[in-house]
Amino acid sequence: MPRADLVIYNIGQLVTFREGPVPARLLKDPGAAGIMENAGIAVRGERIIEVGSSTEILSKYEAKERINAGGRLVTPGLVDSHTHLLFAGSREDEFELKLQGYSYQEILARGGGIYRTVKATRSASVEELRRLALERLLLMARHGTTVVEVKTGYGLLPEYEVKMLEALRGLDSPGLPRIIPTLLAHVIPEEYMERRGDYIELFIKEIIPRSLKASVKPRYIDVFCDKGAFTPEETRRIIEAGIRAGLRARLHAEELAYIGCSDLVRDLDIDSLDHLEHLPPGNIPPMVEKRTVANLLPTSMLSVFSEKKPPVRELREKGAIIAVSTDYNPNSMNPILQSTMDISTYLLGLAPLEALAAATVNASWSLRLDDCHGRIAEGACADIVVWEHPSYKWIGYEWGHDKTLTVIARGVIVKDELGGIS
Ligand code: NIG
Ligand code: FE
């Protein structure tokens, strides 16, 4: 009898997304999601070794551990493809200012917002930052998140940006989500306010090369391209330098205003354009052609009290690949992708299955990790969530509490509340 470390059986509905990233419009046909009924999964080490019918898997494998899913929904682990979870301090008083009518940009222009978090993050020790990140990662994992993209960007100067990367050391370990580090050009630091050009030079000539020598190296380069942050031309220079240095590219684009950031998709290889509240529909066809993901951040829209929404209908109709992510940061304090996924149905009009694809396989594609994460298939990483409901139709429909019962990250059981109730 072949051996497995873990078998999950009696799965009522298994959403595999085995074919990889799916444009939202294809999900009108649930067949595109690779859904199976009465299914089972066998896991050995970090990997899924077989997916089949529940009885087949149960009779074929001798398993150290068996989990009875009790006829419930099982999906890939959630992939949070845009976070700023590595920060010190908090900004709860700015929340009150926003409620009084001050905008995100006004607060930033007065030296609050990102600048305030930069001060707190620069003065925190590496150990303190690592401890904060660890707490946050554990919380995310317990709610079903098995991959987390983490950006720098609260250091701004070379030594502090490197410190942020060093703080991630040791955190990508069993039982925690996989971490994908991103080097972020966030804003012009106060020290360089009158010398923008010099800062772009510093970023290209010092910050990028030094980041590649840190013990945790970035996989991505990202720029906050927006009104009050970097211009499209500055962004282009930084992205091109990052790509030359071997990094992949993703971008904050068109969140607060349209200033031409998404135009860069036409001639640069950008895996993901994020936010997109002000995306001009004319930039959707090149995104579709290059399979650049439209990464939408609904809980972050709430946090900036955005009156604009991304053009979801056009994105769907034209065949774009849509992801959703939390944007977890001190301005938008939601670490739980499960909540973002639920809220995306109300705020963006995503159908439950679109929302699930957006938080799993499509998010994984936005990080170009879909050979391993965001899918349930033979050979993929064993990132698996058992939910309390019987089908994906409950996504969005019931929300406001944790609906995950069991979470497995790269083969490690992070939480299992099924024991007593299956
Ligand atoms: O994605 N927009 C830029 N960066 C973050 C916010 C970071 C912050 O305010 O600290 C975002 O929304
Ligand atoms: Fe962000």
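Here, the structure is the one placed above.
First, a word on scope: everything that follows refers to the structure included in this document.

What counts, and where the lines are drawn
- Residues numbered from 1 in each chain as written.
- Chains lettered and ligands numbered in written order.
- Predicted model: local features only at pLDDT ≥ 70, side-chain atom pairs only at ≥ 80, totals over all residues.
- Heavy atoms only, no water.
- Salt bridge = Lys/Arg side-chain N within 4 Å of Asp/Glu carboxyl O.
- Helix = DSSP H or I, 4+ residues; strand = E, 2+ residues; numbered from the N terminus.
- Buried < 20%, exposed > 50% of the residue type's maximum accessible area, 1.4 Å probe, protein only.
- Donors = N, O, S within 2.8 Å, 3.2 Å for Na, K, Ca; no water.
- Disulfide = S-S within 2.5 Å.

### Focus: the pattern of salt bridges
Tallying each qualifying case throughout the model produces 29 salt bridges. Put simply, R131 and E128 hold a salt bridge, and the shortest N to O gap is 3.2 Å. With a gap of three residues between them, R131 and E128 both fall in helix α5 (residues 126–142), about one helical turn apart. Since its relative accessible area comes to 39%, R131 is described here as partly exposed. For E128, a relative accessible area of 30% translates into the label partly exposed. Put simply, K151 and E149 hold a salt bridge, and the shortest N to O gap is 2.8 Å. According to the relative accessible area criterion, K151 is buried, its value standing at 1%.

### Quick word on the coordination of the iron ion (ligand 2)
For the iron ion (ligand 2), the full set of protein donor atoms is H82 (NE2), H84 (NE2), H252 (NE2) and D327 (OD), and the range of their distances to it is 2.0 to 2.4 Å. Ordering the donors of the iron ion (ligand 2) by residue number gives the pattern H-x1-H-x167-H-x74-D. Note that H84 is positioned in the loop between β6 (78–80) and α2 (92–99) and H252 in strand β10 (residues 248–253), a separation of 168 residues in sequence. With a relative accessible area of 2%, H84 lands in the buried category.

### Describing the state of the cysteines
Taken as a whole, this structure holds two disulfides when the rule is applied. At a sulfur-sulfur separation of 2.1 Å, the disulfide partner of C225 is C261. Across the S-S bond linking C225 and C261, the dihedral sits near -85°, which makes this disulfide left-handed. Within this pair, whereas C225 is found in strand β9 (residues 220–225), its partner C261 is found in the loop between β10 and β11 (272–275), the two being separated by 36 residues in sequence. Looking at C225, the relative accessible area reads 0%, which means it is buried. C261 sits in the buried class, given a relative accessible area of 0%. The disulfide partner of C372 is C381, and the gap between their sulfur atoms is 1.7 Å. Disulfide C372-C381: torsion about the S-S bond near -85°, hence left-handed. Taken as a pair, C372 and C381 share a single burial class, namely buried. Across the chain, the disulfide pattern expressed with sequentially numbered bonded cysteines is 1-2, 3-4.

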